[in-house]
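Here are the chains, one letter per residue:
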Amino acid sequence: MSSPIRRIAICTGGGDAPGLNAVIRATVIAATNLGWECYGIHEGYNGILFPERYPDGGVFKLTRDRVRGIAHLGGTILGTTNKGNPLHFPIRMPDGTVKEVDRTDEILEFFGRRELDALVSIGGDGSLTIAHALAKKGLRVVGVPKTIDNDLDKTNTTFGFDTAVGFATECLDRLHSTAESHQRIIVVEVMGRYAGWIALHAGISGGSHSILIPEIPFNLDKVAAKIRERDNQGRLYSLVTVAEGAKPADGHRAVLQAAEIGHEERLGGEGERVAKALQEITGKDARVVVLGHLLRGGSPTSFDRLAALRFGAAAVRALHEGHTGIMVALGFPNVNYVPLEEVAGRMKGVPLDCDTIQTGRDLGICFGD
Ligand code: F6P
């Protein structure tokens, strides 16, 4: 039988998402109620890998007082990073080359030395893959699914997604009138890397006339035809929502910075390319709005806040019940537990046969195919 839990650590990794602080608050309150102490790790695992950078030695105590009034705040009070994955940590060698090393043993050693009995790891695919590796090495770990992109498998949705979709929808709502007044094409680029969830949900909700997502390689002649069709009907403007990872059927996705050891590729620029090409093809004036990191900010919607609070409380329940190596997931009507091995390294794109895409098609939205 495993030893009882007295102290747990919480970490937030990868891009921030509205709701992180709500998970932290619920975890701390539920754990404190069981008599456990909670510690926050600074900036992903940086607090452990670089304790000398922090006056408190890399982790700090999270009391009820410390988490008061944070559930509605965006960002994370722990800080986060999407660099320095401890499974593939980049090290510069004496000859100038960079190689990746596995530093997860240092994390286990830190947990042992600081008498931390379990970890609640809040993150997306990268963080949950690390969590899975730590669990396999014997650490008690529960994962919590976070990402505005909603691209994690085995959960109905991640927290952060609803807030991002709500904001993108409001932006589209606002763009209708200016696009119509000027008889323009307005292209709105949204985040989402390799999954089109934000573009699809916000695009349909916000009345976009075309939606381009990574799952459906596009042909801009189809989008131009849709714009002309609208023109012929006297609707002299068009909104086009583009996921940053959308790509033409005969080309590549727009990459701002190629992947390197230590960090993933950075996407961006597809909206600009689409706007320029549509202006050329149709002869209409086109503008582009890149929502980018605005989608990661703001107060979590009540949906995301509640999901985050439920996840935090469920993570503590799971540990208390003796679970490890699992992720808390949003099912209906309950949160359930899913083995991390069923989540790690698996991306959930938009299924092409889902009724949301069909709804878009039924409404006459063009997907560029
Ligand atoms: O959180 C995921 C995400 O929002 C992706 O959609 C986007 O490509 C990425 O983060 C950008 O992250 P950053 O600019 O922080 O590296």
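Residues numbered from 1 in each chain as written. Predicted model: local features only at pLDDT ≥ 70, side-chain atom pairs only at ≥ 80, totals over all residues. Heavy atoms only, no water.

## A word on the pattern of salt bridges
One pass over the structure, following the stated rule, counts 18 salt bridges. One salt bridge in this structure joins K137 and D102, with 3.9 Å as the shortest N-O distance. Separated by 35 residues along the polypeptide, K137 in the loop between α4 (125–136) and β7 (141–145) and D102 in the loop between β5 (98–101) and α3 (104–113) bring together distant segments of the chain. Here D102 falls in the partly exposed class, since its relative accessible area comes to 45%. Across the salt bridge formed by D369 and R361, the nearest N and O atoms sit 2.9 Å from each other. Judged by relative accessible area, which is 42%, D369 ranks as partly exposed. (Salt bridge = Lys/Arg side-chain N within 4 Å of Asp/Glu carboxyl O. Helix = DSSP H or I, 4+ residues; strand = E, 2+ residues; numbered from the N terminus. Buried < 20%, exposed > 50% of the residue type's maximum accessible area, 1.4 Å probe, protein only.)

## Focus: the sheet that holds strand β15 (residues 335–339)
Across the sheet, seven strands lie side by side as β3-β2-β1-β6-β7-β14-β15; this open sheet has mixed pairing. Two strands lie at the open edges of the sheet, namely β3 (59–61) and β15, each paired on one side alone. Within this sheet the neighbouring strands show an average axis-to-axis angle of 30°, counted without direction. Relative to strand β2 (residues 37–41), strand β1 (residues 7–12) runs parallel, the two being bridged by four bridges. When the bridges of β2 are listed, R7 appears paired with E37. (Pairing = 2+ DSSP bridges. Axes fitted to C-alpha atoms, helices over the stretch in contact; angles between N-to-C directions.)

## Regarding the domain arrangement of the protein
Segmentation of the protein into domains returns domain 1 (7–159 + 300–342) and domain 2 (164–296). On the side of domain 2, 11 residues touch domain 1, which itself brings 13 residues to the contact. Together domain 1 and domain 2 conceal approximately 1100 Å² of surface at their shared face, both sides included; 59% is due to carbon and sulfur atoms. When the area that domain 1 buries against domain 2 is broken down by residue, the three leading residues are D16, I148 and D149, summing to 44%. Along the contact surface separating domain 1 from domain 2 lie one salt bridge. Residue D16 is joined to R296 by a salt bridge in which the shortest nitrogen-to-oxygen separation is 3.0 Å. Counting across the domain 1 and domain 2 interface gives two residue pairs in polar contact (both at pLDDT 80 or more). Considering only residue class, the side of domain 1 that touches domain 2 consists of four nonpolar, four polar and five charged. (Domains from an automatic or database assignment. Contact = heavy atoms within 4.5 Å. Buried area = accessible area lost by both parts, 1.4 Å probe. Polar contact = N/O pair within 3.5 Å; in protein donor to acceptor, adjacent residues only side chain to side chain. Nonpolar A, V, L, I, M, F, W, Y, C, P; charged D, E, K, R; others polar.)

## A word on the packing of helix α1 (residues 20–33) against helix α9 (residues 302–320)
Packed helices, taken two at a time, are described by the angle between their axes plus the distance between the axes. Direction vectors running N to C along α1 and α9 enclose 35°, while the axes themselves pass 7 Å from each other. At the point where α1 passes α9, the crossing takes the right-handed sense. On α9, the residues that touch A22, V23, A26, T27, A30 and A31 of α1 are R305, A308, L309, G312, A313 and V316. When grouped by side-chain class, the residues that make up the contact of α1 with α9 number nine nonpolar, two polar and one charged. (Left-handed = near helix turned anticlockwise from the far one by under 90°.)

## Topic: the site of the ligand
As a matter of local geometry, the ligand sits amid N82, I148, D149, M191, G192, R193, E244, H293 and R296. Note that an oxygen atom of the ligand is positioned 3.0 Å from one of the side-chain N or O atoms of D149. In isolation the ligand has 400 Å² of accessible area, and contact with the protein removes 81% of it. Residue composition of the shell around the ligand, by class: two nonpolar, three polar and four charged. Structurally, the shell around the ligand is a two-domain feature, drawing no fewer than three residues from each of domain 1 (7–159 + 300–342) and domain 2 (164–296). (Near = heavy atom within 4 Å. Areas by Shrake-Rupley, 256 points an atom, 1.4 Å probe, with all protein chains shown as cover.)

## Description of the pairing of strand β14 (residues 326–330)
Side-chain positions along a regular strand alternate between the two faces of the sheet. The element β14 is extensively covered by neighbouring structure, given that five of its five residues are classed as buried. Side chains I326, V328 and L330 project from β14 onto one buried face, and the interleaved M327 and A329 project onto a second face that is buried too. Pairing geometry for β7 and β14, over two bridges, is parallel. In the sheet register, G143 faces β14, and the bridge partner there is M327. In this sheet, β15 lies alongside β14 in antiparallel orientation, the contact comprising five bridges. When the sheet's bridge partners are listed, L330 is paired in β15 with V335. Hairpin geometry of β14 and β15 is characterised by an intervening segment of four residues between the two adjacent antiparallel strands.

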